[in-house]
Amino acid sequence: MIMNLEQRLRHKLATRTKPVGSLGRLEDIALRIGLIQQSTVPELHNPAIILFAADHGIACEGVSSCPREITHQMVLNFVAGGGGINVLARQHGIRLSVVDAGVDFDFEGLSGVVDAKVARGSNNMLYEPAMTIEQCERAMEWGRQMVETEFERGCNVIGFGEMGIGNSSPAALLLHKYSGIALEDCVGRGAGLSDSGLERKYSVLKSVARRYDVREPLQILATFGGLEIAMICGGVLQARRRNMVIIADGFIATSGFVAAHSMEPDILDNTLFSHLSHEKGHRAMLDYLGVEAILQLDLRLGEGTGVALAYPIIRSATLLINQMASFESAAVAETAI
Ligand SMILES: Cc1cc2ncn([C@H]3O[C@H](COP(=O)(O)O)[C@@H](O)[C@H]3O)c2cc1C
Ligand SMILES: O=C(O)c1cccnc1
């Protein structure tokens, strides 16, 4: 009998020295990566996380519990190696690039920050679209270029992180606009809003949502998105083109995947979803995409931290399918199961 690739992968998993199916979702992950790479010996090389940072015009409407300056202060912290993502990327041997997608601060050529600044933050979408179409396209192009650089370095597994005070607002609006899910179910506390802060955020975002009637995917992204989210969107599209394994992070980064999915639904074939965030709309977001997350740790940080935490598990899946003995090679009786 001639088996197709999926059948061969399933057969390989079923004949490793373990009860059938006992590696649970790790088997699904191995299967997925095998299908992406069209190989029964899938391998991950040179893992990378690209962290895109940007400011947001909407942040001055009191939609975040934090002041805008934290965006650039955190970028400096990432460069110094002190962010949560720095710790996790170091721990797991993941290359981290930090990109100024549109921070309202002059880093003056600081080494360790890629200068991709399209603007000093997005516009306040309460009054005008967050980005012009041209800015949005430029941001997407930067995302593509950053991924291309990683591809040229031999990277075949990539994740995206974000930093940008106020960016849970564009993420909520993008989910609402692309999916049609009620805005109320998309808006959460972000970095830590109080009850009254959450009410204010919802009322501001309701005004924004009503202000524009745009339906075309790129227009939605330009109107309601942010520069770092547009870069993630462009990056995801390029990573799919280069047939990489793509790892999605939390609510905010995944909004870039929702945008990419609206332009090219096939990105889902290459994507693994690292974790279910504590942020309110994330479960609805994953349900909308029809996917399940690997981890559930109540993280609500972003930065790519979920990607870094899920990576060793994803890698384990490839090591297991490649390195475990088969019943035959180890002379273990298959009937033992
Ligand atoms: C110190 C600090 C570090 C962070 N790292 C990521 N975020 C996260 O929180 C922000 C989104 O939440 P909101 O929309 O409520 O502003 C983003 O910067 C996100 O990356 C942080 C937030 C803070 C305060
Ligand atoms: O899930 C996320 O990406 C998230 C949630 C809250 C704050 N920052 C990021």
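Residues numbered from 1 in each chain as written. Chains lettered and ligands numbered in written order. Predicted model: local features only at pLDDT ≥ 70, side-chain atom pairs only at ≥ 80, totals over all residues.

In the annotation of an unreviewed UniProt entry, the protein chain is listed under the name Nicotinate-nucleotide--dimethylbenzimidazole phosphoribosyltransferase and assigned to Mucinivorans hirudinis. According to the UniProt record, the Function (unreviewed entry) comment for the protein chain reads "Catalyzes the synthesis of alpha-ribazole-5'-phosphate from nicotinate mononucleotide (NAMN) and 5,6-dimethylbenzimidazole (DMB)." Quoted verbatim from the Sequence similarities (unreviewed entry) field of the UniProt record, the comment on the protein chain reads "Belongs to the CobT family." (UniProt positions renumbered as here; feature names shortened; annotations may be inferred.)

Peer 1: How would you sum up helix H2 (residues 24–37)? Please name residues and give values.
Peer 2: With 14 residues, H2 extends 21 Å between its outermost C-alpha atoms, agreeing within 8% with the 20 Å of an ideal straight helix rising 1.5 Å per residue. Among all positions of H2, only Glu27, Ile29, Ala30, Ile33, Gly34 and Ile36 are buried. Residues of H2 that are buried in the fold lie against helix H1 (5–14), strand E5 (245–248), helix H11 (267–270), strand E6 (271–275) and helix H13 (305–323). Directly beyond the C-terminal end of H2, a positive phi value near 50 degrees is found at Gln38. (Helix = DSSP H or I, 4+ residues; strand = E, 2+ residues; numbered from the N terminus. Expected span 1.5 Å × (residues − 1). Buried ≥ 20, exposed ≤ 12 C-beta atoms within 10 Å, placed from the backbone. Contact = placed C-beta atoms within 7 Å.)

Peer 1: I'd love a proper account of the sheet that holds strand E2 (residues 95–102), names of residues and values included.
Peer 2: Sheet architecture is open: seven strands sit in the order E3-E2-E1-E4-E5-E6-E7, paired in parallel fashion. The sheet terminates laterally at strand E3 (114–115) and strand E7 (293–295), the two strands that pair on one side only. In this structure, strand E1 (residues 48–54) lies alongside E2, joined through seven bridges in parallel fashion. Residue Ala54 lies in a different strand from E2, and its bridge partner there is Gly102. Where helix H3 (residues 70–80) meets the sheet, it contacts E1, E2 and strand E4 (157–163), and its direction lies at approximately 155 degrees from that of E2. (Pairing = 2+ DSSP bridges. Axes fitted to C-alpha atoms, helices over the stretch in contact; angles between N-to-C directions.)

Peer 1: Describe the site of ligand 1, with residues and values.
Peer 2: Lining the immediate surroundings of ligand 1 are 19 residues, of which Ser64, Ser168, Gly190, Ala191 and Gly302 lie closest. Only H3, E4 and helix H6 (168–179) provide two or more residues apiece to the shell around ligand 1. Tallied by class, residues from the shell around ligand 1 come to eight nonpolar, nine polar and two charged. (Near = placed C-beta within 6 Å. Nonpolar A, V, L, I, M, F, W, Y, C, P; charged D, E, K, R; others polar.)

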